[in-house]
Amino acid sequence: ADEYSAEAGTIVPRVGNAQSVDEITAVLHEEFVRWFGNDTAGPRQAYEAPARQIWPAVLEFRQGGQTRSHG
C-alpha cells in the first residue's frame, strides 16, 4: 500500500473537478493543511508551481475521457 494513498484519495477527486490553476492551488493547499497542519503545509503560494504542472494533466484527462467515449 502506498504511504500516501489516503491523502491522494482526497486530493485527486477535488483536483479532477477544478476549473482553473487557482482552484487546484487552493485544493492542494487546503488538503495539505488538513492532512499535515499549517506548519508543515506552508504557504498557499508554494502550491502554485505544482498546480501549474497538474492543470495540463487534468485537461488531458478530460479530453481523453471524451475521446474514448466516442471511439
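Considering the overall build of the protein chain
Line of reasoning, step 1. When its secondary structure is counted, the protein chain shows 4 helices and 0 strands.
Line of reasoning, step 2. Relative to its 71 residues, the protein chain shows a buried fraction of 25%.
Line of reasoning, step 3. At a minimum sequence separation of 6, the contacts of the protein chain that also span at least 24 residues come to 46%.
Line of reasoning, step 4. As presented, the protein chain carries roughly 5000 Å² of accessible surface, and 54% of it is formed by carbon and sulfur atoms.

Points about the pattern of salt bridges
Line of reasoning, step 1. Across all of its chains, the model carries 4 salt bridges by this definition.
Line of reasoning, step 2. One network of salt bridges, in which partners are shared, links Arg 14, Glu 30, Glu 31 and Arg 34.

Quick word on the side chain of Thr 25
Line of reasoning, step 1. Within the secondary structure, Thr 25 is located in helix α2 (residues 21–36).
Line of reasoning, step 2. With residues up to four places along the chain from it excluded, the contact list for Thr 25 reads Arg 44, Tyr 47, Glu 48 and Ala 51.

What to know about the packing of helix α1 (residues 5–16) against α2
Line of reasoning, step 1. One way to put it is that α1 packs onto α2 with a least axis distance of 10 Å and a crossing angle of 155°. As judged from the angle between their axes, α1 and α2 are roughly antiparallel. The handedness of the crossing between α1 and α2 is right-handed. Two secondary-structure elements touch here, α1 through Ala 6, Glu 7, Thr 10, Ile 11, Arg 14 and Val 15 and α2 through Ile 24, Val 27, Leu 28, Glu 30, Glu 31, Phe 32, Arg 34, Trp 35 and Phe 36.
Line of reasoning, step 2. Of the residues belonging to the contact of α1 with α2, the class tally is 9 nonpolar, 1 polar and 5 charged.

A few points about the packing of aromatic side chains
Line of reasoning, step 1. Tallying each qualifying case throughout the model produces 3 aromatic pairs.
Line of reasoning, step 2. Arranged with centres 6.3 Å apart and planes meeting at 70°, the rings of Tyr 4 and Phe 36 form a pair that is edge-to-face. Separated by 32 residues along the polypeptide, Tyr 4 in the segment before α1 and Phe 36 in helix α2 bring together distant segments of the chain.
Line of reasoning, step 3. Looking at Phe 36, the relative accessible area reads 30%, which means it is partly exposed.
Line of reasoning, step 4. Measuring from ring centre to ring centre gives 5.3 Å for Phe 32 and Tyr 47, while their planes differ by 50°; the resulting arrangement is tilted. Taken together, the residues span a long stretch of sequence, with Phe 32 in helix α2 and Tyr 47 in the loop between α3 (38–41) and α4 (48–70) at a distance of 15 residues.
Line of reasoning, step 5. Taken together, the ring pairs in this structure connect Tyr 4, Phe 32, Phe 36 and Tyr 47 into an aromatic cluster.

Parameters and conventions
Residues numbered from 1 in each chain as written. Predicted model: local features only at pLDDT ≥ 70, side-chain atom pairs only at ≥ 80, totals over all residues. Heavy atoms only, no water. Helix = DSSP H or I, 4+ residues; strand = E, 2+ residues; numbered from the N terminus. Buried < 20%, exposed > 50% of the residue type's maximum accessible area, 1.4 Å probe, protein only. Contact = heavy atoms within 4.5 Å. Areas by Shrake-Rupley, 256 points an atom, 1.4 Å probe, with all protein chains shown as cover. Salt bridge = Lys/Arg side-chain N within 4 Å of Asp/Glu carboxyl O. Axes fitted to C-alpha atoms, helices over the stretch in contact; angles between N-to-C directions. Parallel < 35°, antiparallel > 145°, perpendicular 65-115°, else oblique. Left-handed = near helix turned anticlockwise from the far one by under 90°. Nonpolar A, V, L, I, M, F, W, Y, C, P; charged D, E, K, R; others polar. Phe/Tyr/Trp six-rings, centres within 6.5 Å; stacked < 30°, edge-to-face > 60°.

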